[in-house]
Amino acid sequence: MKRFFAFVAIAAAFGFASCNPQKGPDEPEVKLFDVTVQLAVDGTPFAVEGITVDVADAAGTATYAPVTDASGKVALTLPVGSYTATATYKTSENGVKTLYSGSTSSILVIESASSYDFTLPLTKVESQQIIIKEVYATGCPAADGSAGNSDDAYVVIYNNSDVEADASQIVFGFCAPYNANGTNKYYTGDNLLYENENWIPAYNAIWWFTSNVTIAPYSQKVIAVFGAVDFTATNPNSVDLSNPEYYWMSNNEISQYSNKKYQVAEGIPATNYLTAVPFNTGNAWALSNSSPAFFIGKMEAATVKAMCEDADNYDRTLGDKPAFYVVKFPKANVVDAVDIWSEANVAKSQVRFSADINSGYVALTNKLGNTIYRNVDAEATKALPENEGKIVEGYADDPSGIDAEASIKAGAHIIYSDTNNSATDFHVRKVASIK
């Protein structure tokens, strides 16, 4: 079902909205030029009617809001000047949401121009059915007020659609280096060397499910990283990860992972254990406890296992020793990603995902029990008829103002933001959602 932006009020005889400058009695007549802006995707006209195109002059003092005709084009009259045009269009079909957005500042209206026809290129981003909803990795204060450890780390994946999702082939990894503020040898100047390549550097190990996993519409799965036990038994500030419905990144049958942090509650069945093939040294998965660049992908178990065991697929940019090996994980198999930075080290940090995977970052203060939580798509969530009277608002940390967890408890279905930009998709939640 397609959702079109509402048509704006149209002004002037040409049929478009504008606020052209008003001339005084002694001022010369302002010369106007007929301008067209064509929306396009990959060089092809984006023929969708009813999309609002926001146009503003360089000073932001004159703004225009025409809407596209059936060919995806807008027409307006502009005085001489430099302009920026932006447009956003959302649609949803078969449970998959798609965002088209773009901006151009190359609209230059001058008297000597041979043409006043411009193109506004849009980028297509398909919202994945399965997304990262939450990452809790930096720990919380111990019972005595001191800084606690981060053995209680967990992640939550979510079915962001109204169709049941098959998560059996979802895999979990993180992008090198461990910390956003660590030395990053993948930069050449200001650019990541794999920016235009077909892979990202996955570090340490990649995990996968060992059983079939389905996620009901607007539902989630919690995956414990190191310990799947009730951490509140020894630290009331922590979380309880002993729920039999939770999953666990198990060190079972991974002899290299001998760290004592790996522990599991008896009630969690073996079918809920994940497994991995480590491809560098260490006695535990080295997920950063301050600033991980976490991602999920989609790949068959046999394929990811073979990829992690194949030394020909290792990248040695960080060093030619097993401790530094990374796997070249295919970008085409990345489903979702979030780049987390430590608030104390933002000035020293760098993004680790290439822009085609994720842009931006979200920062938090470590060891406070805070968690990285996805923002609500307020427009989409409020549009669901079953949510009438069930949405809880007044939550300041989410830009939408919607308290997702309180709304879920009230019976609402939540649709989360998914723009492939950590800065606009996530916020810091003061308390872990499973508490």
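Residues numbered from 1 in each chain as written. Predicted model: local features only at pLDDT ≥ 70, side-chain atom pairs only at ≥ 80, totals over all residues. Heavy atoms only, no water.

### Digging into the packing of aromatic side chains
Rule in force here: Only centres within 6.5 Å qualify two rings of Phe, Tyr or Trp (six-membered ring in Trp) as a pair; their planes then separate them into stacked at under 30 degrees, edge-to-face at over 60, and tilted for everything else. Under the scheme used here, helices are H or I runs from DSSP no shorter than 4 residues and strands are E runs no shorter than 2 residues, and both carry numbers assigned from the N terminus. Buried residues are those whose accessible area, probed at 1.4 Å on protein chains only, stays under 20% of the maximum for their type, while exposed residues exceed 50% and partly exposed ones sit between those limits.
Under the criterion given, the structure shown has 27 aromatic pairs. Plain terms: the ring middles of Y186 and W199 are 6.4 Å apart, the flat faces sit at 75 degrees to each other, and that makes the pair edge-to-face. Of this pair, Y186 sits in the loop between strand 12 (170-174) and strand 13 (187-188) while W199 sits in strand 15 (residues 199-203), and the two are 13 residues apart along the sequence. For W199, a relative accessible area of 7% corresponds to the buried category.

### Re unusual backbone geometry
A176 connects to P177 through a cis peptide bond whose omega is -5 degrees. Within the secondary structure, P177 is located in the loop between strand 12 and strand 13. Phi angles above zero are rare outside glycine, and D42 is one such case at about 55 degrees. Of note, N420 is a non-glycine position whose phi angle comes to about 60 degrees, a positive value. By secondary structure assignment, the location of N420 is in the loop between helix 3 (404-409) and helix 4 (422-425).

### Digging into the nonpolar core
So the rule is basically this: Think of a nonpolar core as a cluster: buried Ala, Val, Leu, Ile, Met, Phe, Trp, Tyr and Cys residues, connected wherever their side-chain atoms sit within 4.5 Å.
If you look at the biggest cluster of nonpolar residues, it comprises 86 residues, and the most contacted ones within it are I157, F172, I206, W207, W285, F294 and F329. Ranked by residues supplied to this core, first place goes to strand 26 (residues 334-342) with five residues. If you look at the next biggest cluster of nonpolar residues, it comprises 26 residues, including F33, V35, F46 and Y83.

### Topic: the sheet that holds strand 20 (residues 247-249)
Basically, it comes down to this: Only strands joined by at least two bridges in the DSSP assignment are considered to pair. For helices, the fitted axis covers only the stretch in contact; all axes are lines through C-alpha atoms, and the angles between them, taken along N-to-C directions, range from 0 to 180 degrees.
Ordered by their spatial adjacency, 12 strands build an open sheet running 27-26-23-12-16-22-20-18-10-9-28-29, and the pairing between neighbours is mixed. Strands at the two margins of the open sheet, each flanked by one partner only, are strand 27 (362-364) and strand 29 (426-429). Averaged over all pairs of adjacent strands, the angle between strand axes in this sheet comes to 25 degrees, irrespective of strand direction. Bridge count between strand 18 (residues 220-224) and strand 20: two bridges; the pairing is parallel. Its bridge partner being in strand 20, I223 is matched across the sheet by Y247.

### A closer look at the pattern of salt bridges
Applied cut-off: For this analysis, a salt bridge means a side-chain nitrogen from Lys or Arg found within 4 Å of a carboxyl oxygen belonging to Asp or Glu.
Inspection of the entire model under this criterion finds 14 salt bridges. Taking the shortest distance from any N to any O, the salt bridge between K305 and E309 comes out at 2.9 Å. Residue K305 and its partner E309 are located together in helix 1 (residues 301-309), separated by four residues, close to a single helical turn. The exposure class of K305 is partly exposed, given its relative accessible area of 36%. Judged by relative accessible area, E309 falls into the partly exposed class, the value being 46%. Measuring nitrogen to oxygen at the nearest pair gives 3.7 Å for the salt bridge that ties D425 to R374. Of this pair, D425 sits in helix 4 while R374 sits in strand 28 (residues 371-374), and the two are 51 residues apart along the sequence.

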